[in-house]
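Descriptive analysis of the structure
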Amino acid sequence: MSERDPVIIVGAGPAGLAVATILAQAGVPSRVFEAEAKLPRDLRAGSIHPPTLEMLDTIGVAKDFLAIGIRVPSWQIRGREEGVIVEWDLSLLQGETPYPFRFHCEQFQLTPLLKRRFEALGGTVQFSHRFIDATQDADGVTARFETPGGIETVRGSYLIGADGARSAVRHLMNVAFEGFTWPERFLVIGIRQDLAPHGYTLNAYVADPVDWGAIFKMPHDGPPGLWRVLFPPDPALPDEEVLGHDFAARGLKHFLNLPGPWDIEHTNIYRVHQRVAADFRQGRTLIVGDAAHVNNPLGAFGLNGALHAAFNLGEKLAKVARGEAEDSLLDRYVRQRRGANVAFVQAQSIRNKQVLEEKDPAVRKHNLDELRAIAADPVRHKEYVVRSSMIWSVRHAASID
Ligand SMILES: Cc1cc2nc3c(=O)[nH]c(=O)nc-3n(C[C@H](O)[C@H](O)[C@H](O)COP(=O)(O)OP(=O)(O)OC[C@H]3O[C@@H](n4cnc5c(N)ncnc54)[C@H](O)[C@@H]3O)c2cc1C
């Protein structure tokens, strides 16, 4: 029997490092292989929901993470014309979670903490190892990696593809990545100016038929931090033009309706997809995180959903590897996390975008009035924040057999 062969984990992003750390904590050996030469300084995700902090706490990472980020006690939905439409009070989550707030800290600050914890438990991450392909038999998997020293072959008990949206492991499984790509790109601009004096909460979403978007305050490299402003530029304009600081400055002036000048730290542009893999498992090969599902960032469900899946998979795989459960438990991971992703992450992130960008004035008014009515009713307000903080989706997933 080969169950003591290490689990092979492809990708040292948040999902791969979380699975590895959960396994290490349960005494199950794994090896992490990362294509890049070091951990990427990833400017992508940065908004963390309470269940994710609860999960990170179980592997001893929450305390250090909380020490370097920003707590967000409330967040707004605004109209570009109307100003504040609703402000959601996250203190209503008290009693539902030990962390009744959103938490802002960039992905590039989380992955070193996860790596350090994994290494403290005896694990190692091998960089400059790009997964090529693998075969599996009844006892295990044999994977091949391209390395600076040539092709390396590794034997393991299971193969976990945590290798992001373009996952080579998913391609090897030959499962469809079902869904669609939005026509517009999202432009993200990091600025030093403080938006709080202009009435913005540390996280705010802006509804507008044309110039919808989102705003997040991030700790970045320490105080005073950075405000990130996200909006979709005209699809006709080339990337090089919208990434230029002149374009960004004009865009900020218009979007925020503030004169500037702007101290621009960075600009990034990216395409946004809504896709879920048709299956997350083929025998001893499984996918997790962005390799299995991707969504737009309106609601901050990507990294959080990736980590919720990583904890679900890591805990089940640890039981299987330790001989405490049949390997059919891994099918439950697929049912729970594929189910939660389709029922909540995909549906809600698409809905969030539609509410922000609604063009029909009557539908827009109806949507925004409905949000105002929810916010004014304490019971519905609490239900809304339980749902939008992903507490509901984690509980829903746990209820799937
Ligand atoms: C602009 C932007 C903003 C976002 N904001 C948020 C947010 O606020 N909140 C939120 O929850 N989510 C957000 N997301 C989504 C979030 O960034 C992703 O969901 C998250 O990175 C997924 O983690 P992962 O570990 O699954 O994949 P990744 O972070 O993509 O990690 C995959 C790793 O695998 C490696 N790899 C790839 N191919 C191979 C190979 N063949 N061999 C070996 N290694 C390989 C990669 O180098 C990488 O290190 C945002 C995304 C974007 C683009």
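Report follows, based on the coordinates. (Residues numbered from 1 in each chain as written. Predicted model: local features only at pLDDT ≥ 70, side-chain atom pairs only at ≥ 80, totals over all residues. Heavy atoms only, no water.)

What to know about the sheet that holds strand β9 (residues 130-136)
One key point about sheets: their strands pair by backbone hydrogen bonds, in either a parallel or an antiparallel sense. With antiparallel pairing, the 3 strands of this open sheet are ordered in space as β9-β10-β11. For this open sheet the edge positions go to β9 and β11 (150-156), each flanked by a neighbour on one side alone. With direction set aside, neighbouring strand axes in the sheet form an average angle of 20 degrees. Bridging between β9 and strand β10 (residues 141-147) involves 6 bridges; their strand directions are antiparallel. In the strand pairing of β10, Asp 133 is matched with Arg 144. (Pairing = 2+ DSSP bridges. Helix = DSSP H or I, 4+ residues; strand = E, 2+ residues; numbered from the N terminus. Axes fitted to C-alpha atoms, helices over the stretch in contact; angles between N-to-C directions.)

Regarding the sheet that holds strand β12 (residues 159-161)
Judged by pairing direction, the sheet is mixed, and its 6 strands sit side by side in the order β8-β2-β1-β12-β19-β18 without closing on themselves. Every other strand in the sheet has two partners, leaving β8 (125-126) and β18 (281-282) as the edge strands with one partner each. Across 3 bridges, strand β1 (residues 7-10) lies against β12 in parallel orientation. Bridged to Ile 9 within β12 is Ile 160. Packed on one face of the sheet, helix α1 (residues 14-25) meets β1, β2 (30-33) and β8 and runs near 160 degrees to β1. (Contact = heavy atoms within 4.5 Å.)

Considerations on the environment of Leu 90
Its place among the elements puts Leu 90 in the loop between β6 (83-89) and β7 (102-104). Using a relative accessible area of 0% as the deciding quantity, one classes Leu 90 as buried. Sequence separation between Leu 90 and Pro 100 is 10 residues, and the spatial gap between their C-alpha atoms is 5.7 Å. Excluding anything up to four places from it in sequence, Leu 90 contacts Val 72, Pro 73, Ser 74, Trp 75, Pro 100, Phe 101, Arg 102, Val 385 and Ser 389. (Buried < 20%, exposed > 50% of the residue type's maximum accessible area, 1.4 Å probe, protein only.)

Details of the pattern of salt bridges
Applying the stated criterion to the full structure yields 23 salt bridges. Put simply, Asp 290 and Arg 44 hold a salt bridge, and the shortest N to O gap is 3.9 Å. Highlighted residues: Asp 290 in the loop between β19 (285-287) and β20 (293-294) and Arg 44 in the loop between β2 and β3 (47-48), separated in sequence by 246 residues. Overall, the relative accessible area of 24% leaves Asp 290 in the partly exposed class. For the salt bridge of Arg 332 with Asp 401, the shortest nitrogen-to-oxygen distance reads 3.7 Å. Remark: Asp 401 occurs in the segment after α12 (391-398) and Arg 332 occurs in helix α9 (residues 329-357); sequence separation between them is 69 residues. Classification of Arg 332 by relative accessible area gives partly exposed; the value is 25%. (Salt bridge = Lys/Arg side-chain N within 4 Å of Asp/Glu carboxyl O.)

Focus on the packing of α9 against α12
To characterise two packed helices, one gives the angle between the axes of the helices and the distance between these axes. For the pair α9 and α12, the least separation of the axes is 9 Å and the interaxial angle reads 145 degrees. In the crossing of α9 with α12, the sense of the turn from one axis to the other is right-handed. On the side of α9, the interface is formed by Arg 332, Gln 336, Arg 337, Ala 340, Ala 343 and Phe 344, while α12 contributes Trp 392, Ser 393, His 396, Ala 397 and Ala 398. Of the residues in the contact of α9 with α12, the class split is 6 nonpolar, 3 polar and 2 charged. (Left-handed = near helix turned anticlockwise from the far one by under 90°. Nonpolar A, V, L, I, M, F, W, Y, C, P; charged D, E, K, R; others polar.)

Examining the site of the ligand
Looking at the ligand, there are 30 residues lining it, with Glu 34, Gln 107, Tyr 270, Asp 290 and Leu 303 nearest. One of the backbone nitrogen or oxygen atoms of Pro 14 is found 3.3 Å away from an oxygen atom of the ligand. In this structure, an oxygen atom belonging to the ligand sits 2.6 Å away from a side-chain N or O atom of Glu 34. For the ligand, the protein covers 88% of the area, taking 1,000 Å² as the surface of the free molecule. Among the secondary structure elements, those contributing two or more residues to the shell around the ligand are α1, β9 and α8 (302-321). Of the residues forming the shell around the ligand, the biggest block, 4 residues, is contributed by α8. Of the residues contributing to the shell around the ligand, the split by class is 14 nonpolar, 10 polar and 6 charged. (Near = heavy atom within 4 Å. Polar contact = N/O pair within 3.5 Å; in protein donor to acceptor, adjacent residues only side chain to side chain. Areas by Shrake-Rupley, 256 points an atom, 1.4 Å probe, with all protein chains shown as cover.)

Observations regarding the nonpolar core
If you look at the biggest cluster of nonpolar residues, it comprises 74 residues, and the most contacted ones within it are Ile 8, Leu 56, Phe 65 and Val 288. When residues of this core are assigned to their parent elements, the largest contribution, 11 residues, is made by α8. Setting aside residues no more than four positions away along its own chain, Val 288 makes contact with Ala 15, Val 19, Ile 160, Gly 161, Ala 162, Ala 306, Ala 309, Ala 310, Leu 313 and Tyr 333. Judged by nonpolar contacts, the second largest core, of 29 residues, contains Trp 75, Leu 93, Leu 230 and Val 385. (Core = buried A, V, L, I, M, F, W, Y, C linked by side-chain atoms within 4.5 Å.)

Some points on the packing of aromatic side chains
Within the structure shown, the criterion is met by 16 aromatic pairs. Seen from their ring centres, Trp 75 and Tyr 205 are 5.5 Å apart, and the 80 degrees between their planes marks the pair as edge-to-face. Within this pair, whereas Trp 75 is found in strand β5 (residues 74-79), its partner Tyr 205 is found in strand β14 (residues 203-207), the two being separated by 130 residues in sequence. On the basis of relative accessibility, which here comes to 4%, the residue Trp 75 falls in the buried class. (Phe/Tyr/Trp six-rings, centres within 6.5 Å; stacked < 30°, edge-to-face > 60°.)

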